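Observations on the model geometry
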Amino acid sequence: MEKHWWHKATVYQIYPRSFKDSSGNGVGDLNGIISQLDYIQKLGVTAIWLSPVYQSPMDDNGYDISDYQAIADIFGNMADMDRLLEEANARGIKIIMDLVVNHTSDEHAWFIEAKENPDSPERDYYIWRDQPNELLSTFSGSAWEYDDKSGQYYLHLFSKRQPDLNWENKDLRQKIYDMMNFWIAKGIGGFRMDVIDLIGKVPDQLITGNGPKLHNYLKEMNQASFGNHDLMTVGETWGATPEIAKQYSSPENHELSMVFQFEHVGLQHKPEAPKWDFSETLDVAALKRIFNKWQTELELGQGWNSLFWNNHDLPRVLSIWGNDGTYRVKSGKALAILLHLMRGTPYIYQGEEIGMTNYPFKDLKEVDDIESLNYAQEALEAGISKDNILESIRKVGRDNARTPMQWDGSKNAGFSEADETWLTVNPNYKEINVKSALEDKDSLFYTYQHLITLRQKEDWLVDADFELLDTAEKVFAYKRTLNDDSYLVVVNVSDEESDFELDFDFDQVIISNTEVATIQQKKQLAAWDAFCVKL
């Protein structure tokens, strides 16, 4: 397999609104990111995935873009963006731009022209029908919105202010590729592609994900833009299986570098239920089956996977699957060790490395997220109590990931000097913050730093085989083997002690949050024990 820089990279996701405010208006910005690049460099990551900073009315916090080649005023301007690229590249950190081309904002010039002039070329950049069908929006309700002026409906798989683009139109596709080349010329390191599996949709057949022309479009995109550069591309592909992931990420197919697949995320809610009907506990046996499938069926050289617990759309992993109380730091280390020693490119979401947790929402007035607010409205109309609605939002709502980054114990956790921040800072910021983490050499931060360094230095993390081991239900153990070298990874994904009967002799402790020799002797794991040893 031909090796690329991203095979040994660890990527750090920044949600700009919540990272660092330099202007004192309560909203994070590009200059705030620049001011913290030394911190990101200290962590050791190779790349930053930057959530959208393009011009936008912010109906969906920047995932509704009105100009792909301009920066939103709240974040700065293009000169600030150019300086971020320069400063990051100088530190050996690549910037991965969030590419949102399934839809635009309804304030994009293309859509404005499409509505105003039904005979314009731009009209066919979007999807219009005389009558709606039963397609539903991810954000609830019909996926079709009536336009009074033309007497037609346009498709929006997300907010009605996010009209879907018509990828059947060749001229539209070329404009998108031209825009991508604009950013490539600026020196970015690649693209994270938002809901890219939807661009091949066939709405009249009720096909949204993995449409028949999807891979043709991606091959064309590759050839017209990033394919001639050593860039990292990752597709958000909710419906992917290992076989589908091979189509996206096999080097022979000339599409993407890797995929985000979300099969494990489905364990956050009850089977065949909406996300709001969350599971009280993690089904560890199911998690083992899912990760084993992806580690063994997406074989080396046939495709590449991403490894993640958190992002801007998901709850904090410590609060949904870890222990954000007594074992906050230890369970954080355990979950990091479990994930980062598998094959794939790991992603860290801002604050994950210091053990940030979900927010204790007490009132819907504290919620900003459009998905959560739409759910609350529908649920109230359906007779669900406000207490139950808030319980679901506290557990799985998207704003849990979006509260401001906790830098220190000062006002607003050092995020902003403003009297009011766009989302309220988590009240636990005096205990959980970057300053405290950096001062404590046994903090979660240094476990992440160690894992990032290991990935950069150790070939086995890329090349070694994966074997899931038979253990107690809540013990996740696997072996990685490359030639004559084998590495054992063991994690107790539980607040309880567990037996560990496997006999093993080891040459070296690679990383741990416990005393490995004691486990070897007593054949028992304490709560959230985790280690990797070279056998």
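Each remark here, short or long, concerns the structure printed above.
Figured I'd write up the structure that's included with this text.

Basis of the calculations
Residues numbered from 1 in each chain as written. Predicted model: local features only at pLDDT ≥ 70, side-chain atom pairs only at ≥ 80, totals over all residues. Heavy atoms only, no water. Axes fitted to C-alpha atoms, helices over the stretch in contact; angles between N-to-C directions. Helix = DSSP H or I, 4+ residues; strand = E, 2+ residues; numbered from the N terminus. Parallel < 35°, antiparallel > 145°, perpendicular 65-115°, else oblique. Left-handed = near helix turned anticlockwise from the far one by under 90°. Contact = heavy atoms within 4.5 Å. Nonpolar A, V, L, I, M, F, W, Y, C, P; charged D, E, K, R; others polar. Expected span 1.5 Å × (residues − 1). Buried < 20%, exposed > 50% of the residue type's maximum accessible area, 1.4 Å probe, protein only. Pairing = 2+ DSSP bridges. Core = buried A, V, L, I, M, F, W, Y, C linked by side-chain atoms within 4.5 Å.

**Points about the packing of helix α5 (residues 170–185) against helix α6 (residues 214–224)**
- Two numbers describe how α5 lies on α6: the axes approach to 10 Å, and their chain directions differ by 40°. Judged by the inter-axis angle, α5 sits oblique to α6. Between α5 and α6 lies a crossing of right-handed hand. Seen from α5, the contacting residues are R173, Y177, M180 and N181; seen from α6, they are Y217, E220, M221 and A224.
- The class makeup of the residues in the contact of α5 with α6 is five nonpolar, one polar and two charged.

**Topic: helix α10 (residues 328–340)**
- The terminal C-alpha atoms of α10 lie 18 Å apart, and with 13 residues this matches the ideal 18 Å at 1.5 Å per residue to within 8%.
- Among the 13 residues that make up α10, 11 are buried, leaving the element largely enclosed by the rest of the structure.
- Of all the residues in α10, the buried ones are R328, S331, G332, K333, A334, L335, A336, I337, L338, L339 and H340.

**Here's the deal with the sheet that holds strand β12 (residues 306–307)**
- One open sheet holds the eight strands; their spatial order is β11-β10-β9-β5-β2-β1-β13-β12, and the pairing between them is parallel. Edge positions in the sheet fall to β11 (258–260) and β12, since each of these pairs with one other strand and no more.
- Note that strand β2 (residues 47–50) and strand β5 (residues 94–99) share four bridges and pair parallel. When the bridges of β5 are listed, W49 appears paired with I96.
- Helix α3 (residues 78–90) rests against β2 and β5 of the sheet, and its axis sits at about 140° to β5.

**A closer look at the nonpolar core**
- Ranked by internal contacts, the top residues of the largest apolar core, which has 158 residues, are M81 and L341.
- If near-sequence neighbours (up to four positions away) are discounted, L341 is found in contact with L451, L454, R455, W460, L461, Y478, R480, V489, I511 and C532.
- Ranked by size, the runner-up nonpolar core spans 12 residues in total, among them A477, L488, F504 and L525.

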